[in-house]
Amino acid sequence: MNAFAASRMLRSGLAALLFATIGLQAHAQSGDDKYQPQVGQSGKDVVWVPTNDELVRRMLEIAKVTKDDLLFDLGAGDGKIAIAAARIHGARSVGIEFNPEMAALAKRNAERAGVSDRVTIINGDIFKEDFTKATVISMYLLPELNLRLRPTLLKMRPGTRLVTNSFTMGDWEPDQVFSSNASGFGGSSGYFWIVPAQVEGEWNLDGMDGNASVRLNLSQKYQRVGGTITVGGKAQPLLDPRLEGVELQFRYLAPSTGQLTVVKANYTDAGTLKGQVGMYSSNGFEGRRVAK
């Protein structure tokens, strides 16, 4: 069996599993007099199953969508998520949909919902269209498609929020798992991630706690970080290190006082770390990555 055939079998198997899980009965869904989509109809890489209204609400709520966001829905279908983001949260949204008839329906749905000024529907391929300006990404795709998109998603601006219906991102663990109370087809569970800044490496921290030489060594796998901090020539492990988007936080024992000290820093667009020592301290510092 070649790789292409194996991939097709995997897609078919996953689709069958999805149908079995949600007890799907293929039937006509709400369309209009120009086009009536059918649940389970074939698309480019997936079959169409609309996300239920309750899970749409939860996805947008968990992603904390606001009027300041630009949401891209990858595989937009009839435009439900893009429209809800604009109508309920005031966001600008873009839906990318491969099926031209479905894309046209989504445009008409946006017009009927009165949000066509904030919703754009693109008839295109999610693997070819540019969505890198998004602040929020929503998806309801099969796992293998999530994995194909993962490298692109991880290169997006740190802090970008990502929310999916039903399927994960492989070994990139979600920051949050959630569910809805909806019954029937369309999914009842979702996953949420924040794209992490790439902070792995060695850093010089200037101006930190009055020390002329502080060295920070960070290891990273997605949003999980660890490492050591060297102050006054003495290295110690980071305690409770956390990375959420651009926000890095850890604790260490300050050599001068022996007290447990909190460090908070933000990864900047310039590729530096700007932070402070202590919860209420005005003692700021700047970190620069050591060139190799």
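Before reading further, recall that the structure is shown in the block above.
Residues numbered from 1 in each chain as written. Predicted model: local features only at pLDDT ≥ 70, side-chain atom pairs only at ≥ 80, totals over all residues. Heavy atoms only, no water.

Chemist: Hey, could you run me through the overall build of the protein in this one?
Modeler: Secondary structure assignment for the protein yields 5 helices and 16 strands. Scored against the burial criterion, the 292 residues of the protein give a buried share of 47%. By sequence separation, contacts in the protein at least 24 residues apart represent 53% of the contacts at least 6 residues apart. Accessible area of the protein: about 14,600 Å², with a carbon and sulfur share of 50%. (Helix = DSSP H or I, 4+ residues; strand = E, 2+ residues; numbered from the N terminus. Buried < 20%, exposed > 50% of the residue type's maximum accessible area, 1.4 Å probe, protein only. Contact = heavy atoms within 4.5 Å. Areas by Shrake-Rupley, 256 points an atom, 1.4 Å probe, with all protein chains shown as cover.)

Chemist: Before we go on, may I ask you to explain the pattern of salt bridges in this structure?
Modeler: In a structure, side chains of opposite charge can pair up when their charged atoms sit close to one another. Following the criterion strictly, the structure yields 16 salt bridges and no others. Within the structure, one salt-bridge network assembled from shared partners comprises Glu54, Arg57, Arg58 and Glu61. (Salt bridge = Lys/Arg side-chain N within 4 Å of Asp/Glu carboxyl O.)

Chemist: Looking at this structure, how should I read the sheet that holds strand S3 (residues 119-123)?
Modeler: Remark on secondary structure: sheet strands pair via backbone hydrogen bonds, oriented parallel or antiparallel. Within the open sheet, the 7 strands sit side by side as S3-S2-S1-S4-S5-S7-S6. Their pairing is mixed. Each end of this open sheet is capped by a strand with a single partner; those strands are S3 and strand S6 (176-179). Mean inter-strand twist for the sheet, computed between neighbouring axes without regard to direction, equals 20°. The pairing of strand S5 (residues 161-165) with strand S7 (residues 189-194) spans 5 bridges and is antiparallel. Each residue of the ladder has a partner; that of asparagine 165, found in S7, is glycine 190. (Pairing = 2+ DSSP bridges. Axes fitted to C-alpha atoms, helices over the stretch in contact; angles between N-to-C directions.)

Chemist: Would you take a moment to explain the environment of phenylalanine 127 for this structure?
Modeler: Within the fold, phenylalanine 127 resides in the loop between S3 and strand S4 (136-139). The exposure class assigned to phenylalanine 127 is partly exposed, which follows from its relative accessible area of 26%. Placed 25 residues apart in sequence, phenylalanine 127 and threonine 152 show a C-alpha to C-alpha distance of 9.4 Å.

Chemist: Help me understand the packing of aromatic side chains, please; the structure alone is not making it clear to me.
Modeler: Each aromatic ring pair is described using two quantities: the centre-to-centre distance and the angle formed by the ring planes. One pass over the structure, following the stated rule, counts 4 aromatic pairs. An angle of 20° between the planes, with centres 6.0 Å apart, marks the rings of tryptophan 172 and tyrosine 222 as stacked. Here tryptophan 172 is found in the loop between S5 and S6, whereas its partner tyrosine 222 is found in the loop between strand S9 (214-221) and strand S10 (224-231), with 50 residues between them in sequence. Exposure remark for tryptophan 172: the relative accessible area of 0% places this residue in the buried category. On the numbers, 6.5 Å between centres and 85° between planes, the contact of tryptophan 203 with tyrosine 267 is edge-to-face. Taken together, the residues span a long stretch of sequence, with tryptophan 203 in strand S8 (residues 201-206) and tyrosine 267 in strand S14 (residues 260-267) at a distance of 64 residues. For tryptophan 203, a relative accessible area of 0% gives the class buried. An aromatic cluster is present here, built from Trp172, Tyr191, Trp193 and Tyr222 joined pairwise through their rings. (Phe/Tyr/Trp six-rings, centres within 6.5 Å; stacked < 30°, edge-to-face > 60°.)

Chemist: How should the pairing of strand S15 (residues 273-277) be read in this particular structure?
Modeler: The side chains of a regular strand alternate between the sheet's two faces. Burial of the side chains of S15 is restricted to one face: Leu273, Gly275 and Val277 are buried, whereas none of Lys274 and Gln276 on the reverse face is. Between the antiparallel neighbours S14 and S15 lie 5 residues, among them glycine 271 with a positive phi of about 80°. Pairing of S15 with strand S16 (residues 284-289) involves 4 bridges; the strand directions are antiparallel. Across the sheet, glycine 275 pairs through a bridge with phenylalanine 285, a residue of S16.

Chemist: When you look at the sheet that holds S10 in this model, what are you seeing that I'm missing?
Modeler: Strand order in the open sheet made by the 9 strands is S11-S10-S9-S8-S16-S15-S14-S13-S12, with antiparallel pairing throughout. Each edge of the open sheet carries a strand with a single partner, namely strand S11 (234-237) and strand S12 (239-244). With direction set aside, neighbouring strand axes in the sheet form an average angle of 25°.

Chemist: Would you explain the side chain of threonine 160 in this entry?
Modeler: Locating threonine 160 in the fold gives a position in the loop between helix H5 (143-154) and S5. Of the residues examined, threonine 160 reaches a relative accessible area of 6% and is grouped as buried. Here arginine 157 takes part through its backbone oxygen, which lies 2.6 Å from a polar atom of the side chain of threonine 160. Apart from the residues within four sequence positions on either side, threonine 160 is in contact with Ala134, Thr135, Val136, Ile137, Trp193, Ile194 and Val195. (Polar contact = N/O pair within 3.5 Å; in protein donor to acceptor, adjacent residues only side chain to side chain.)

Chemist: Just to check I follow, could you spell out the packing of helix H2 (residues 53-62) against helix H3 (residues 80-89) for this structure?
Modeler: The interhelical angle for the contact between H2 and H3, taken along N-to-C directions, is 60°, at an axis separation of 10 Å. One element, H2, and the other, H3, form an angle in the oblique class. For the element pair H2 and H3, the recorded crossing hand is right-handed. Of the residues in H3, those in contact with Asp53, Val56, Met59 and Leu60 of H2 are Lys80, Ile81, Ala84, Ala85 and His89. Partitioning the contact of H2 with H3 into residue classes produces 6 nonpolar, 1 polar and 2 charged. (Parallel < 35°, antiparallel > 145°, perpendicular 65-115°, else oblique. Left-handed = near helix turned anticlockwise from the far one by under 90°. Nonpolar A, V, L, I, M, F, W, Y, C, P; charged D, E, K, R; others polar.)

Chemist: Mind showing me how you'd approach H3 here?
Modeler: Residues three or four positions apart in an α-helix share a direction because the helix packs 3.6 residues into each turn. Within H3, burial applies to Ile81, Ala82, Ile83, Ala84, Ala85 and Ala86. Looking at the buried positions of H3, the neighbouring elements they touch are H2, strand S1 (70-74), strand S2 (92-97), helix H4 (100-112), S3 and S4. At the C-terminal side of H3, glycine 90 shows a positive phi close to 75°.

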